[in-house]
Amino acid sequence: MNPNNKKNQELLLKIHDLTLRLEEAQDTLNAIRAANVDAVVVYNEGQHRVYTLEGTDTIYKRLFDTLNEGILVVSADRTILYANRWFADLIGVAMAKMTGVDIERFVHPLHVADFAALLESVEEKPHRDDLSMIRADGSPIPVMLAISPAPIGGVEAGYAIVVNDLTELRQAQDALSKANEELEARIEARTMELQSANIALEAEIAKRMHIEEALRNEDRRKDEFLGMLAHELRNPLAPIRNAAQILKRPDLDETRLAWCRNVIDRQVEHLARLVDDLLDVSRISRGKIELKKESLAVSAIVQRAMEITQPLIETRRHELTVQLPPEPVIVEGDLVRLAQVVSNLLNNAAKYTDEGGSIWLTVEHVGNDVFIRVRDNGRGIAPSALPNLFQLFYQVDRTLDRSEGGLGIGLSLVKSLVTMHGGDVWATSAGRGQGSVFIIRLPCLPQASVVSVSSPTALKPAEGPLRILVVDDNRDAAQSLSVLLTGEGHTVSLAYSGPAGLVAALTERPQVILLDIGLPGMDGYAVARALREHPELRTTQLIALTGYGRLVDREQARAAGFNGYLTKPVDFEALQRALAQPLFPGPILPG
């Protein structure tokens with residue numbers, strides 16, 4: 001045989017063998033793909049290795065059991081063919097009881113329809129969705145399902161399902177959502193706090209600015225008031241000083257002497273009125289003013305006010321028209337204070353109306369109130385000034401010459417006194433040059449009320465001259481008072497200190513002692529207490545002469561043993577009335 005033919009023959013045999021093996025390998029591969037074989041034998045390097053499907057399945061099962069997610073194989077009729085351990089533990093059912101169970105048994109009843117729809121949609125392409133499954137104990141489990149089509153047996157349709165537990169994720173989301181809500185609530189609360197604080201701060205700033213502005217205005221008014229006060233106090237002093245210089249002339253006739261007396265009397269009265277107004281403002285502002293209320297006829301108030309203002313009205317040649325109701329109108333009040341209120345308004349009308357003007361005073365009874373109106377045809381009031389008219393120290397006209405005088409406290413006193421009587425006061429005016437109207441409203445008493453109208457005590461001269469001791473460290477005041485009293489026929493002795501007054505009283509046994517309170521060293525209270533300790537002086541009329549006019553000062557004087565109390569500068573008529581009082585018949589014990 002040809003050697004070449006032999007080699008060709010061998011080569012053909014090898015090719016045939018390889019072809020058979022290739023066909024066998026292809027058939028094996030096809031069988032594996034079709035799952036038609038239970039084992040695969042692999043020949044390599046003279047050795048055979050057998051791989052069974054059971055062994056392969058074990059490997060996959062072990063792999064699936066190591067995963068932290070559920071693995072399910074479900075048939076088309078939704079029967080579980082395989083479930084890994086993680087899913088069994090999640091549901092709380094033994095793995096042996098999983099196979100052959102309808103998977104919808106572990107789907108939450110509320111999500112069964114959603115699960116069915118998800119399976120139907122998987123036929124086209126893989127899907128994933130969140131829904132709830134249910135444990136063996138009935139508790140729900142939030143899960144995410146990833147479902148893919150998985151043919152079973154090469155023909156039957158099935159599903160491969162991957163299950164992820166969302167419990168921790170949901171808990172984290174819930175915690176995050178709760179934390180976010182709490183944070184938002186805290187932010188909102190803090191924002192509201194900041195907004196409230198900001199509003200409060202803005203209000204406080206506005207309030208402080210208003211207070212600062214008010215303080216600046218008050219300070220400005222105070223400075224203006226002090227300037228006006230200095231002007232008003234100096235004005236009366238100039239004519240008093242001039243009159244005093246004139247009185248020094250030796251050739252002074254009776255006409256000039258009378259003129260000097262009248263000037264000094266008018267200016268001292270003016271000064272006393274200024275001081276009284278200032279003291280009234282102080283008392284009212286501190287709530288220390290005392291009203292002596294009684295049933296009063298309004299006509300008596302008007303009459304007293306007219307008596308006070310008549311000289312000024314006549315001097316300026318005004319025409320005053322008074323209109324009263326036919327029936328008596330009764331109020332409860334302090335006659336002196338209410339007359340002061342009405343006279344203040346009449347005075348203003350007289351001052352701020354050009355000479356020869358007209359003033360109307362009308363009283364009208366309406367229901368349970370009485371209205372007292374003071375109207376004039378004078379200078380009028382600008383609308384911008386009306387709201388501030390009754391403020392302390394406020395003045396409409398602030399001319400440099402201060403021709404009309406005043407401190408800007410009269411209307412403030414009017415308002416305070418009327419308010420203390422339970423009434424109101426206000427003003428109206430059409431503007432500058434249009435005149436003005438001031439209205440007082442007071443509550444009335446029933447007509448049946450008993451009217452007791454106070455009137456000044458008539459001067460009753462003492463029965464014969466009195467022995468009077470004047471004790472005052474101001475020598476000019478003591479000596480000038482001595483001259484006046486001596487001119488009335490009284491016997492007057494003087495002392496200029498507390499101890500000297502005590503010695504003089506024990507030596508001369510006066511019937512009346514006019515005692516200054518503000519003595520240096522031993523003050524008037526101490527002197528009074530010492531005098532009352534002597535039985536022979538307990539019936540002596542003891543009258544205080546002082547520049548202190550507070551209620552507490554009067555109470556202290558009463559407790560020290562004083563019978564009377566007069567404030568400086570003393571009105572001589574008031575002093576005469578005090579001297580006209582009957583002497584006390586019995587001992588006066590300290591209060």
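Look up a bit, the structure's there.
Participant: Quick one: what's the story with the overall build of the protein, residue by residue and with numbers?
Facilitator: Across its full length, the protein holds 14 helices and 19 strands. Evaluated residue by residue, the protein yields a buried proportion of 35% over its 591 residues. Considering only intrachain contacts with a sequence separation of at least 6, the fraction spanning at least 24 residues in the protein is 62%. Carbon and sulfur atoms make up 54% of the accessible area of the protein, which amounts to about 35,100 Å² in all.

Participant: Quick one: what's the story with the packing of aromatic side chains, residue by residue and with numbers?
Facilitator: All told, the structure shown has 1 aromatic pair when counted by the stated rule. For the ring pair phenylalanine 87 and phenylalanine 106, a centre distance of 6.4 Å and an interplane angle of 80° mean the geometry is edge-to-face. You can see phenylalanine 87 sitting in helix α3 (residues 85-91) and its partner phenylalanine 106 sitting in the loop between α3 and α4 (112-122), a full 19 residues away along the chain. This pair shows no difference in class: phenylalanine 87 is buried, exactly as phenylalanine 106 is. Cation over ring: arginine 375 sits above tryptophan 360, and NZ or CZ is 4.0 Å from the ring centre. Across from the ring centre of tyrosine 496, 4.0 Å away, lies the NZ or CZ of arginine 475, which sits over that ring.

Participant: Could you give an account of the side chain of serine 493, naming the residues involved and the relevant values?
Facilitator: Positionally, serine 493 belongs in strand β16 (residues 491-495). For serine 493, a relative accessible area of 14% translates into the label buried. If we ignore the near neighbours within four places in the chain, the residues touching serine 493 are Ile468, Leu469, Val470 and Glu508.

Participant: I'd love a proper account of the sheet that holds strand β17 (residues 512-516), names of residues and values included.
Facilitator: The strand order across the open sheet formed by 5 strands is β16-β15-β17-β18-β19, and the pairing between neighbours is parallel. The sheet is open, and its two borders are formed by β16 and β19 (564-567), each paired with just one other strand. Taking the axes of each pair of neighbouring strands and ignoring which way they run, one obtains an average angle of 20° across the sheet. Of the strand pairs in this sheet, strand β15 (residues 467-471) and β16 are connected by 5 bridges, and their pairing is parallel. By the bridge assignment for β16, arginine 467 is matched with threonine 491. Contacting β15, β16, β17 and β18 (541-546), helix α10 (residues 475-487) crosses the sheet at an angle of about 170° to β16.

Participant: Before we move on, could you go through the sheet that holds strand β7 (residues 158-165) and cite the residues and values that matter?
Facilitator: What the 5 strands build is an open sheet, ordered β4-β3-β7-β6-β5; its pairing is antiparallel. Each edge of the sheet is formed by a strand with only one pairing partner; in this case those strands are β4 (80-83) and β5 (127-134). On average, adjacent strands in this sheet sit at an angle of 30° to one another, irrespective of strand direction. Where strand β3 (residues 70-75) lies against β4, 3 bridges are found, and the strand directions are antiparallel. Looking at the pairing, valine 73 lines up with tyrosine 82 of β4. Docked against the sheet, α4 engages β5, β6 (140-149) and β7, running at close to 20° with respect to β6.

Participant: Hey, could you go over the pattern of salt bridges for me, with residue numbers and the actual values?
Facilitator: Summed over all chains, the structure comprises 12 salt bridges. Here arginine 190 ties to glutamate 193 by a salt bridge, and the two come within 3.0 Å at their closest N and O atoms. Taken together, the residues arginine 190 and glutamate 193, both in helix α5 (residues 167-247) and 3 residues apart, mark about one turn of the helix. Taking relative accessible area as the criterion, arginine 190 reaches 47% and is therefore assigned partly exposed. A salt bridge links glutamate 213 to arginine 216, with the shortest nitrogen-to-oxygen separation between them at 2.9 Å. Taken together, the residues glutamate 213 and arginine 216, both in helix α5 and 3 residues apart, mark about one turn of the helix. Since its relative accessible area comes to 36%, glutamate 213 is described here as partly exposed.

Participant: Summarise helix α12 (residues 524-532); cite the residues concerned and give the values.
Facilitator: Of all 9 residues making up α12, 7 are buried, and the element is well covered by its neighbours. For α12, the complete set of buried residues consists of Gly524, Tyr525, Val527, Ala528, Ala530, Leu531 and Arg532. Structurally, the start of α12 carries an N-cap: the backbone nitrogen of tyrosine 525 is 3.2 Å from a side-chain oxygen of aspartate 523.

Participant: Report on the nonpolar core, specifying residues and quantitative values.
Facilitator: Counting 36 residues, the largest nonpolar core has Val298, Val331, Val342, Leu361, Val370, Phe438 and Ile440 as the members making the most contacts within it. Among the elements of the structure, α7 (298-315), α8 (335-351), β11 (358-366), β12 (369-376), α9 (410-420), β13 (424-428) and β14 (436-443) are those that each provide at least two residues to this core. With 8 residues, the single largest contributor to this core is α8. Leaving out residues up to four positions away in the same chain, leucine 361 has contacts with Val302, Leu320, Thr321, Val322, Gln323, Val342, Leu346, Ile372, Arg373 and Val374. Listed in part, the 28 residues of the second largest apolar core include Leu72, Trp86, Ala88 and Leu118.

Participant: So what's going on with α8? Residues and values would help.
Facilitator: With 17 residues, α8 should reach 24 Å at 1.5 Å per residue; the first-to-last C-alpha distance of 24 Å fits that figure. Taking burial as the measure, the 17 residues of α8 include 15 buried ones, the bulk of the element. Backbone nitrogen of valine 336 and a side-chain oxygen of the N-cap are separated by 3.0 Å at the start of α8; the cap is aspartate 334.

Participant: Hey, could you go over a negative patch on the surface for me, with residue numbers and the actual values?
Facilitator: Together, Glu181, Glu182, Glu184 and Glu188 line one region of the surface with negative charge. Considering the arrangement of structural elements, one finds glutamate 184 in helix α5. Given the relative accessible area of 46%, glutamate 184 is considered partly exposed.

Participant: Explain the packing of α7 against α8 to me, and be specific about the residues and the numbers.
Facilitator: The interhelical angle for the contact between α7 and α8, taken along N-to-C directions, is 35°, at an axis separation of 8 Å. The handedness of the crossing between α7 and α8 comes out as right-handed. Listed contacts from α8 to Ala300, Ile301, Arg304, Ala305, Met306, Ile308, Thr309, Leu312 and Ile313 of α7 are Leu335, Val336, Leu338, Ala339, Val342, Ser343, Leu346, Asn347, Ala350 and Lys351. Residue classes in the contact of α7 with α8 are distributed as 14 nonpolar, 3 polar and 2 charged.

Participant: Go over the side chain of threonine 540 with me, naming the residues and quoting the values.
Facilitator: With respect to the secondary-structure elements, threonine 540 resides in the loop between α12 and β18. Since its relative accessible area comes to 6%, threonine 540 is described here as buried. Among all residues touching threonine 540, those that are not within four sequence positions of it are Pro510, Gln511, Val512, Ile513, Arg532 and Asn563.

Participant: Outline unusual backbone geometry, supporting the account with residue identities and numerical values.
Facilitator: With the exception of glycine, the majority of residues adopt a negative phi angle, and the majority of peptide bonds are in the trans configuration. Residue arginine 317 is not a glycine yet carries a positive backbone phi of 55°. Here arginine 317 lies in the loop between α7 and β9 (319-323). Residue classification places arginine 317 among the exposed positions, given a relative accessible area of 55%. Positioned with a positive phi, arginine 509 is a non-glycine residue whose angle comes to about 50°. One can find arginine 509 in the loop between α11 (498-508) and β17. On the accessibility criterion, arginine 509 (40% relative accessible area) is partly exposed.

Here is what the cut-offs are and how they apply
- Residues numbered from 1 in each chain as written.
- Predicted model: local features only at pLDDT ≥ 70, side-chain atom pairs only at ≥ 80, totals over all residues.
- Heavy atoms only, no water.
- Helix = DSSP H or I, 4+ residues; strand = E, 2+ residues; numbered from the N terminus.
- Buried < 20%, exposed > 50% of the residue type's maximum accessible area, 1.4 Å probe, protein only.
- Contact = heavy atoms within 4.5 Å.
- Areas by Shrake-Rupley, 256 points an atom, 1.4 Å probe, with all protein chains shown as cover.
- Phe/Tyr/Trp six-rings, centres within 6.5 Å; stacked < 30°, edge-to-face > 60°.
- Lys NZ or Arg CZ within 6 Å of the ring centre and 35° of its normal.
- Pairing = 2+ DSSP bridges.
- Axes fitted to C-alpha atoms, helices over the stretch in contact; angles between N-to-C directions.
- Salt bridge = Lys/Arg side-chain N within 4 Å of Asp/Glu carboxyl O.
- Polar contact = N/O pair within 3.5 Å; in protein donor to acceptor, adjacent residues only side chain to side chain.
- Core = buried A, V, L, I, M, F, W, Y, C linked by side-chain atoms within 4.5 Å.
- Expected span 1.5 Å × (residues − 1).
- Patch = residues over 30% accessible without salt bridge, like charges linked within 9 Å, V, L, I, M, F, W, Y side chains within 5 Å.
- Lys, Arg positive; Asp, Glu negative; His and termini not counted.
- Charge placed at Lys NZ, Arg CZ, Asp CG, Glu CD.
- Left-handed = near helix turned anticlockwise from the far one by under 90°.
- Nonpolar A, V, L, I, M, F, W, Y, C, P; charged D, E, K, R; others polar.

Any link to function would need more than the numbers given here.
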